[in-house]
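Overview (structure and organization)
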Amino acid sequence: MSFLSPLLIWGALLGAIPIIIHLLNRRRFRRVEWAPMRHLRLTIQRNRRRVQIEQWLLLLLRVAGLVLLFFLLARPVLNPTGLEGWLGSGGRSSQVVLVDDSLSMGYAADGGEPAFRRAKEVAGALLAGTRPQDRCTLLASSSPTTPILSEVEGARRDDLSGAVSGLVPTASHASWSRVLEGLDEVLKSCTYPTRQVTIITDLRRSGWGAGVAPIAKAWDEAGVRVRIVDVGDEGTSNISIRSLIPQDRTVLAGSESRWEATVRNDSTRVLSGVKAILRVDDQPTEVTLPEIAPRQAVRVPLTVRFPGAGMHDVSLELPEDELAGDNRRWSSVPVKDSLLIRLVDGEPSSEPFGSEVDFLAAPLSIGVGSAEAWRTEVVQETDFVSPRLDSPDVLVMANVAAPTAEQASRIDRMVRDGMGLMIFTGAKLDTGLYNDLLYRTNARVLPVALKSLVDEEIRGIVVEPLRPSPLEKLLDLKTSALERVPVRQIMAVDETSEEGKVRVLARWNDPGRSPAVIERISGEGRVLLWTTTADRAGNDWPIEPSFVLAMREAVLGVSRPTSFANTVSAGDLVRRVVLTSQQVSNVRVAPPGGGEPLPLLASPVQGRPDDEGPAVEFSVPDTRRAGLYRVSWDEGALGTQQDSYAVNPDARESDLDRIGQADLKTLLAPLQVEVAEARGGGADLFSPVGRELWHEAALFLLVLLVGESIVAAWVGRSR
């Protein structure tokens, strides 16, 4: 038991006053012997024992009343769990204090102060309470292997308080298995064998898991004392943006791109009419969110048009709530000026629509948005993947006899790097060479093995109901639009496929349901195999309107994806490789929120093949804050170059469910962990937290006063 006002308990000594008065009154009597007193003495002797009991009972009630009054004023607390017992405790030891600086520590309920501010107050007070000879280490959960202060003597109060005041919250996630592993490395370098770890956190369940058990067991065997201070709030009301992702595979300048944001409402109220702000290169646009029920998430479709090629940024921001750190997400987008589609003509002809790719070039030459958004080029089959040519976004091989071994290897590498590949069969195609070169065990480009051409009259193509799929737009057409496609010749294939990597997207309307379009995912790229020709030699689909839609959607579906490597989560390492033969110098990064740019170290990339040329790499080591990081460098004669990186808050930190002390101790068993709560602020941080007994004490005092009055009246009655 503890007291919220312990000094007042000394007032209980006033309970001695009735005893003192009683003793003093005994001395005021003067003995006078006279005759009637003999009879009175006899009467008193007969009633003495009863009178003494009554007097002692009255005295006891009065003493108990005074003692209980000051006991009540001292505010007793049952089962205290505060920090008051931790201040200044322990002998010479290594004190390690770890402050949780993850995103959820920014939660502030009802306009109060966030948990992180309380954590700093607790850390400052605990370090100030250590003994001068103790060695103190201060860490943050976002960087557990790099102490802010290491093995500093407890007497250096200014250094300790300065380090605590310099702590800042981050947008990173606290994965406690990783944090404790890093902390374990720090403990191994401590000076004193007596090691005491204090973890100050908000005890959100996210991040705690079975992975902490091995470290806890090791600490238990090593005798490490672990204390956890809970500075979190019980509230979990939060509205957050969980993701902001593009829906299109390729983002082109001047064309509309589809995006989707996921907004989750973890509050108890219905969100209605909430306005969000969509920013494209700092140009704001207001977006009205749909109604969101409590504990539900909605997907919000967005449309973004980027004005030109190059690096752009887009973000979506919600109004502030209890946890402001997850109300905004960013994305850095490398926007292309156009899509390069290379058509390899396996059967050239000078006649209009006589060559193999003429029916492909027509629909693919129609621009999207900007007139130059799609660029098509027709090449012959002799040298279509030469390093001298620009790498295409989509390579279309139409009735190409067979690639060479070198071409096949290069095609495989280009597909894995993201290039889209579409293969149309035909009479010139050598199935044996295709299988040997493009269906090898270690370089499998073809979705399935080819057999041979089959002459068969078929009418109609059936699109499989798969989403997402490069052909899913065809599902919106009337069935009759695809049923009337006449086919005369198809390529028979071995349909045995690899699960998870190969899908049949469409089938011919024949009794055997032969595959018409088959997809393979290889690395970052996609391959579509069409088991018919691209011209009218094997079918009349090229003269149907649905052919235009099918080819355009297929190209969009397999085109080289826009890279979003510049969009990461807080705490992730950002690494940039610059392919250049120029000298790279003066590399610097401007962190979000302004401030002076920080220098970065650039170094040559070792071990690259000679044909890929020289390269320089540098990295941004600290990305724990969310926002846009602007990186710039001087590249010889090319001048100053720039790039940007979007760092988003870790979505796992938006889950604010708390972990109970019993569950926490179970995870850390057999380690005996002390858990204390620190709520409120200032001096209240170190007040005992528990159940106050003043209700019970006040009721008991009232009973005493009534009892004292009754007993006093009984003792003072006329007898």
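Residues numbered from 1 in each chain as written. Predicted model: local features only at pLDDT ≥ 70, side-chain atom pairs only at ≥ 80, totals over all residues. Heavy atoms only, no water.

A word on the layout of surface pockets
To keep it simple, the criterion reads: Whether a set of points on the 1 Å grid over the protein atoms alone is a cavity depends on a 1.4 Å probe fitting there but being unable to get out, while an open set qualifies as a pocket with protein on both sides within 12 Å along at least five of seven lines; lining residues are those with an atom within 4 Å of a point. Grid points are joined across faces, edges and corners, and a volume is the space filled by probe spheres set on the points. A run of H or I in DSSP counts as a helix once it spans at least four residues, and a run of E counts as a strand once it spans at least two, with each numbered from the N terminus. All amino acids are sorted into three groups, where Ala, Val, Leu, Ile, Met, Phe, Trp, Tyr, Cys and Pro are nonpolar, Asp, Glu, Lys and Arg are charged, and the leftover types, Gly among them, are polar.
Taken as a whole, the second largest pocket spans an internal volume of roughly 830 Å³. Looking at the lining of the second largest pocket, the elements with two or more residues in it are strand S9 (256-265) and helix H11 (545-558). Looking at the lining of the second largest pocket residue by residue, the class counts come to nine nonpolar, eight polar and nine charged.

Focus: a nonpolar patch on the surface
Spelled out, the test is: Two joining distances apply to patches: 9 Å for like charges and 5 Å for nonpolar side chains (Val, Leu, Ile, Met, Phe, Trp, Tyr), and every residue must have over 30% relative accessible area and no salt bridge. The Shrake-Rupley method, run with a 1.4 Å probe, gives the accessible areas here. Residue values count only the displayed protein chains as cover. Salt bridges are defined as contacts in which a side-chain nitrogen from Lys or Arg sits within 4 Å of a carboxyl oxygen from Asp or Glu.
On the surface, a nonpolar cluster with roughly 600 Å² of combined accessible area is contributed by Leu699, Phe700, Leu702, Val703, Val706 and Ile710. Relative to the elements of secondary structure, Val703 occurs in helix H13 (residues 694-715).

Concerning the packing of aromatic side chains
Our working definition: Stacked, edge-to-face and tilted labels apply to pairs of Phe, Tyr and Trp rings (six-membered ring for Trp) whose centres lie within 6.5 Å, assigned for plane angles under 30 degrees, over 60, and everything in between, in that order. In this scheme, a residue with accessible area under 20% of its type's maximum is buried, one over 50% is exposed, and one in between is partly exposed, where area comes from a 1.4 Å probe on protein chains only.
One pass over the structure, following the stated rule, counts seven aromatic pairs. Considering the side-chain rings of Trp530 and Trp541, the 6.2 Å spacing of their centres and the 50 degrees angle between planes classify their relative orientation as tilted. You can see Trp530 sitting in strand S24 (residues 525-530) and its partner Trp541 sitting in the loop between S24 and H11, a full 11 residues away along the chain. Here Trp541 falls in the buried class, since its relative accessible area comes to 3%.

Notes on the nonpolar core
Basically, it comes down to this: Residues grouped as a nonpolar core are buried Ala, Val, Leu, Ile, Met, Phe, Trp, Tyr and Cys residues, joined through side-chain atoms within 4.5 Å. Contacts were defined at the residue level, with two residues in contact if any of their heavy atoms lie within 4.5 Å.
Membership of the largest hydrophobic core comes to 40 residues, with the highest contact counts inside it found for Leu360, Met422, Phe424, Leu471, Trp530 and Met551. Looking at which element gives the most residues to this core, the answer is H11, with six residues. Residues contacting Phe424, with those up to four places away along its chain left out, are Leu360, Val396, Met397, Ala398, Asn399, Leu429, Trp530, Thr532, Thr533, Ala534 and Met551. Counting 31 residues, the second-largest nonpolar core is a separate cluster that includes Leu395, Val400, Leu438 and Tyr439.

What about the pairing of S24?
Selection rule: Strands qualify as paired when DSSP identifies two bridges or more between them.
Here S24 lies mainly inside the structure; five of its six residues are buried. Alignment of strand S18 (residues 420-424) against S24, held across four bridges, turns out to be parallel. Counterpart to Ile423 in the pairing with S24 is Leu529. By the bridge criterion, six bridges tie strand S23 (residues 515-522) to S24 in an arrangement that is antiparallel. In the sheet register, Val517 faces S24, and the bridge partner there is Trp530. Here S23 hands over to S24 after two residues, with Gly523 in that stretch at a positive phi of 65 degrees.

Description of the sheet that holds strand S33 (residues 673-677)
Condition: For helices, the fitted axis covers only the stretch in contact; all axes are lines through C-alpha atoms, and the angles between them, taken along N-to-C directions, range from 0 to 180 degrees.
Pairing is mixed across the open sheet formed by six strands, whose spatial order is S5-S4-S3-S6-S7-S33. Every interior strand has two partners, whereas the edge strands, strand S5 (149-153) and S33, have only one. Ignoring strand direction, the axes of neighbouring strands in this sheet form an average angle of 20 degrees.

Structural notes on the sheet that holds S23
With respect to topology, eight strands assemble into an open sheet ordered S16-S15-S17-S18-S24-S23-S22-S20, the strand pairing being mixed. Only two strands of the sheet have a single neighbouring strand rather than two, namely strand S16 (374-380) and strand S20 (461-463). With strand direction ignored, the average angle separating the axes of adjacent strands in the sheet is 20 degrees. Pairing of strand S17 (residues 394-398) with S18 involves five bridges; the strand directions are parallel. When the sheet's bridge partners are listed, Leu395 is paired in S18 with Leu421. Relative to the sheet, helix H8 (residues 405-416) contacts S17, S18, S23 and S24, its axis offset from that of S24 by approximately 120 degrees.

Some remarks on the confidence of the model for the protein
Note the following rule: Along the chain, pLDDT gives the predictor's confidence residue by residue, from 0 to 100.
For the protein, per-residue confidence averages 88 on the pLDDT scale, and residues scoring 70 or more make up 91% of the total. Averaged pLDDT values over the elements of the protein bottom out at 64 in strand S1 (residues 2-3) and peak at 97 in S18.

Side note on the pattern of salt bridges
Throughout the structure, instances matching the rule amount to 39 salt bridges. The residue Arg467 makes a salt bridge to Asp476 at a minimum N-O spacing of 3.9 Å. With a relative accessible area of 57%, Asp476 lands in the exposed category. Each of the salt bridges in this network shares a partner with another, and the network as a whole consists of Arg242, Arg264, Asp266 and Asp655.

Considerations on empty space enclosed by the protein
All told, the structure shown has two cavities of 30 Å³ or more when counted by the stated rule. Here the second largest cavity is characterised by a volume of approximately 60 Å³. Lining the second largest cavity are 13 residues; nearest its centre among them are Ser104, Asp202, Arg204, Ser206 and Glu653. Its residues assigned to classes, the lining of the second largest cavity comprises three nonpolar, four polar and six charged.

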